Amino acid sequence: MKQFSNIDQVIFSDLVQKATDADFDENFPENGTFLKQKRANREYYYYKAYEPSGGERPTKTTLKYVGPADDPEIAKRAEAFQRTKIGYRARRELAAKLRRAGYPAPPHMEGLVVNELARAGLFRLRATLVGSMAYQTYSGVLGVKLPDELVTTEDMDIAKFYGISISIDESMPDIEEILKKVDPTFAPSFSPDETKLFSGFANATGFKVEFLTPNRGDEGYSSRLTQIPSLGPSVGAQVLRFLDYLIHEPIRSVVLHDAGVPVLVPAPERYAVHKLIIATKRNVFFADKAKKDMNQAGALIQAFNAVKRSSDLGFAWMEAWERGARWRRRLGVGALRLSDDTFEMLAKGVAEAAKLDGKPAEEYGLTGGKEGLLARVSIAKPTASPTP
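A few points on the structure. (Residues numbered from 1 in each chain as written. Predicted model: local features only at pLDDT ≥ 70, side-chain atom pairs only at ≥ 80, totals over all residues. Heavy atoms only, no water.)

The subject of this paragraph is the overall build of the protein chain. The helix and strand inventory of the protein chain stands at 15 helices and twelve strands. The proportion of buried residues among the 388 residues of the protein chain is 51%. Within the protein chain, counting contacts between residues at least 6 apart in sequence, those at least 24 apart form 70% of the total. Per element, the accessible surface of the protein chain, about 18,400 Å² overall, is 50% carbon and sulfur. (Helix = DSSP H or I, 4+ residues; strand = E, 2+ residues; numbered from the N terminus. Buried < 20%, exposed > 50% of the residue type's maximum accessible area, 1.4 Å probe, protein only. Contact = heavy atoms within 4.5 Å. Areas by Shrake-Rupley, 256 points an atom, 1.4 Å probe, with all protein chains shown as cover.)

Following this line, the structure appears as structure tokens:
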């Protein structure tokens, strides 16, 4: 698997930092102040903006959500509050150099969509970009050339925790209006089981923007829509199992559109393990998607092995494995679909992580090869029918 040069990897990291800084500068000008507020037993930074009202009325103040106070990147910026404006041209040159080096970039229209949503505060309000558009950023995160055919997408999936949305107490501008700025043909999509909430948006070419949220209770609620306050009153998010694992502690990355769009994406090791699970949930009508899930998971496992970070992948597997019998069965069935070489890479990563954690690798299902795992997941099969 081809690795990008050290120089290109440094440029990517630099662009992530510069794009994030520029986004921060645009959202929080120097005439305001930062303060902390405690909500739901957690502290958050808010930006207090001062807006002149004109006439004899006092200056108007507004509060704008910044992020959790325990996020070191946000805390560093909020506490220092001494920023140098990052030039657009310099960022554009960095992004162009990375594209020329072979780093993946989205088609122009998809790039415009993620850029407009980012500028409207989507990722500042703690949404996470998931799916293939997130996957394409992992070439930069890992410094490895991922297969081009696995980064293409016909939709954009955005995930968000319900609890975070409640805690923030701030909402996006009208999402339909944002999307129509990019393409006037964008229109709301409705679910057949839901008449009050949009299930997402689609344009005339079929490109979709959809919203997801982790299941918070009984699995019978999976696949239904729930209203997420920070997305506005009419937008519904599809409720999905296993999603909480994927979007726990997302990382900062950049989509290589124009001068770089700063985004939050799942950690790549979680993405790989999650894809092993999701591939087992696809029915025969979605065989192509299941194949893509497996290919993305396999490519990431190979990438972690290439850059000698297999233990990161191992810890992600261990966390998922420890979540119970249903998780173990899904993980096992997914892993059994990997090629023999890729399976061994995954097993090596789990063994490395278990050793570092002081736990027996045998507890995590992979030390006996595919035959041993097959026996293990058969034993672990739950009595109830697995979620379709």
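The subject of this paragraph is the packing of aromatic side chains. Overall, the coordinates contain twelve aromatic pairs when judged by the stated rule. When the ring of Y138 is compared with that of Y271, the centres are 5.4 Å apart and the planes differ by 75°; the resulting orientation is edge-to-face. Here the residue Y138 occupies a position in helix α6 (residues 138-142), and Y271 occupies one in helix α10 (residues 268-279), the gap between them amounting to 133 residues. The two residues Y138 and Y271 agree in class, both being buried. Taken together, the ring pairs connect F4, F12 and Y103 into an aromatic cluster. Between the NZ or CZ atom of R270 and the centre of the ring of Y245, over which it lies, the distance is 4.8 Å. Lying over the aromatic face of W327, R323 brings its terminal NZ or CZ to 4.8 Å of the ring centre. (Phe/Tyr/Trp six-rings, centres within 6.5 Å; stacked < 30°, edge-to-face > 60°. Lys NZ or Arg CZ within 6 Å of the ring centre and 35° of its normal.)

A word on unusual backbone geometry. Positive phi is not limited to glycine here, since R126 has a value of about 70°. Along the chain, the position of R126 falls in the loop between α4 (108-119) and β4 (128-130). For R126, a relative accessible area of 18% corresponds to the buried category.

Now for the environment of T367. In this fold, T367 is placed in the loop between α14 (340-356) and α15 (369-379). Between the alpha carbons of T367 and A347 there is a distance of 6.5 Å; along the sequence they are 20 residues apart. Not counting residues within four places of it along the chain, the set of residues in contact with T367 comprises A361 and E362.

The next subject is the packing of helix α11 (residues 287-306) against helix α12 (residues 310-321). When two helices pack together, their arrangement is given by the angle between their axes and by how far apart the axes lie. Between α11 and α12, the least distance of the axes is 7 Å, while the angle of their chain directions is 135°. By the angle class used here, α11 and α12 are oblique. The residues of α12 that touch α11, namely those facing I301, F304 and N305, are S310, D312 and L313. Of the residues contributing to the contact of α11 with α12, the split by class is three nonpolar, two polar and one charged. (Axes fitted to C-alpha atoms, helices over the stretch in contact; angles between N-to-C directions. Parallel < 35°, antiparallel > 145°, perpendicular 65-115°, else oblique. Nonpolar A, V, L, I, M, F, W, Y, C, P; charged D, E, K, R; others polar.)

Keep in mind that these numbers describe shape and distance, not what the molecule does.
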